[in-house]
Amino acid sequence: MVFLTLSCWIRNRGPDRYWKVQELLKHARHFRGRKNRCYSLAVRTVRKAFVYATKARKLKKRNMRTLWITRIAAASREHGMKYPALMHNLTKSSVQLNRRVISDLAVTEPRSFLSLAKLAQARKQEGFRVALGDGKEPPGVFSRVVLLQ
Amino acid sequence: MTSRATPSRFLRSVLQNGVGRYVCQLKRISIVFSKNAQSSLGLRDFIEEGVVDYAKKNPGTVVYVSPQSCRIPKIVAEYLNGNVREEIVTNKTSPQISELLTKLTTQSGLDIIRIRKPFHTDNPSIQGQWHPFTNRPPSIGPIRVQKQDTQ
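Please read these numbers as outputs of a predicted model, since none were measured by experiment. (Residues numbered from 1 in each chain as written. Chains lettered and ligands numbered in written order. Predicted model: local features only at pLDDT ≥ 70, side-chain atom pairs only at ≥ 80, totals over all residues. Heavy atoms only, no water.)

On to empty space enclosed by the protein. Inspection of the entire model under this criterion finds one cavity of 30 Å³ or more. Volume-wise, the largest cavity comes out at about 30 Å³. Along its surface, the largest cavity is lined by Ala75(A), Glu78(A), His79(A), Ala106(A), Pro110(A), Phe113(A), Trp130(B) and Asn135(B). (1 Å grid on protein atoms, 1.4 Å probe; cavity = no way out; pocket = protein on both sides within 12 Å on 5 of 7 lines; lining within 4 Å. Points joined across faces, edges and corners; volume = space filled by probe spheres on them.)

The following block contains the structure:
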C-alpha cells in the first residue's frame, strides 16, 4: 500500500515572510515597548506613525512660521517696537524680507536687526506726520518707494 | 517613512574639498560586462569609444574593465571614504553611460539619504550671536518693577 494523499495536504507557504516582516519592523525600531519587536503590535503603530508624518508636513510649516513670528516679536520689543508695526512698516518701505530671514537676522546679526527696527520706526513716524500733519511738509525719505523695472 | 526611522545627515563637503585644491572623490571604477550578451551592447560601444578618454580626463580614478559572462552589466564605483555604489546599465546607450559616469565622478562619496538642511555654515554669526545682554548691557542696571505713582 502506498499512501499518496498525505503529501497532497502539505502547503507551500511563501518564502519571504522574514524579509517582509523586517521591512516593517525597521520603521518601528525606535519605538518603546513591545511594539518595536512584535509584528502585530508594530503594524498598527507604524501605520499611525505614517499618518502622523503625513499630517505633520502641513503643521511643520505652520509651526515654523509661528516660531519665527514669536522670535521677531521678542526681538522687536527689545528695541521698543511691536511685531505688527515692524512688519507693516518694513513692507511699506519695500523691504521684502520674509519672516524666516528676519528671525535669523535677529538671532545671528543683532545689529542688522537693530537697523531694520530703526528703519521701521522712522517710516512709522513719517506715516504719522503725513496722516496728522497739514500736507504742506514734504514726504519723508523712506516713504519714497523706488519701483525698479 | 518617518524622519526618525530613516537615516538622515547634514549637508557637508568631504574635508572642505574645493576650498583649496579639488580632489576627485572617486577612487575606482570597475566595469563588469559580457562580450556577447545583447544587454551590454551600449556598454561595449562605450568601452570602444569613450573609456580611454574618460580615463585620461580623470587621472585620479582607476578604471578596471572586466569582461565576464554575466547577465546584467554593472558599473561599480568606489569612493575615498569607502562607500561603494553599483549602477546597473542594462540596455543603456553609450552617451547615457558617459552621462552616468560624469554624475558618479562629480559625486562625493557621502550617503545618498535625506539631507536635513540645504545649507551649512561654519560661521553662522558675524556680528555675534544674540545673548540676553546684547541689547541690555549691565551698565543700565537690573530690571526693576515699575512703581506706579497713582497707587
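This next bit is on a positive patch on the surface. There is a patch of like positive charges on the surface, built from Arg57(A), Lys58(A), Lys60(A), Lys61(A), Arg62(A), Arg114(B) and Arg116(B). Residue contributions to the positive patch peak at five residues, all from helix α3 (residues 39–78) of chain A. The class of Lys61(A) is exposed, set by a relative accessible area of 60%. (Patch = residues over 30% accessible without salt bridge, like charges linked within 9 Å, V, L, I, M, F, W, Y side chains within 5 Å. Areas by Shrake-Rupley, 256 points an atom, 1.4 Å probe, with all protein chains shown as cover. Salt bridge = Lys/Arg side-chain N within 4 Å of Asp/Glu carboxyl O. Lys, Arg positive; Asp, Glu negative; His and termini not counted. Charge placed at Lys NZ, Arg CZ, Asp CG, Glu CD. Helix = DSSP H or I, 4+ residues; strand = E, 2+ residues; numbered from the N terminus. Buried < 20%, exposed > 50% of the residue type's maximum accessible area, 1.4 Å probe, protein only.)

Our next topic: the side chain of Asn36(A). Residues and elements named next belong to chain A. Here asparagine 36 is to be found in the loop between α2 (17–25) and α3. Asparagine 36 sits in the buried class, given a relative accessible area of 13%. In this structure the side chain of asparagine 36 is engaged in a polar contact, spanning 3.3 Å, whose partner is the side chain of arginine 37. Those residues in contact with asparagine 36, other than ones at most four positions away along the chain, are Leu25, Ala28, Arg29 and Phe31. (Polar contact = N/O pair within 3.5 Å; in protein donor to acceptor, adjacent residues only side chain to side chain. Contact = heavy atoms within 4.5 Å.)

Take the UniProt feature "domain: Ribosomal protein/NADH dehydrogenase" (unreviewed entry) in chain B next. When the UniProt feature table is mapped onto this chain, "domain: Ribosomal protein/NADH dehydrogenase" (unreviewed entry) is found at residues 35–108 of chain B. Secondary structure within residues 35–108 of chain B divides into 39% helix and 23% strand; the distance between the first and last C-alpha atoms comes to 31 Å. (UniProt positions renumbered as here; feature names shortened; annotations may be inferred.)

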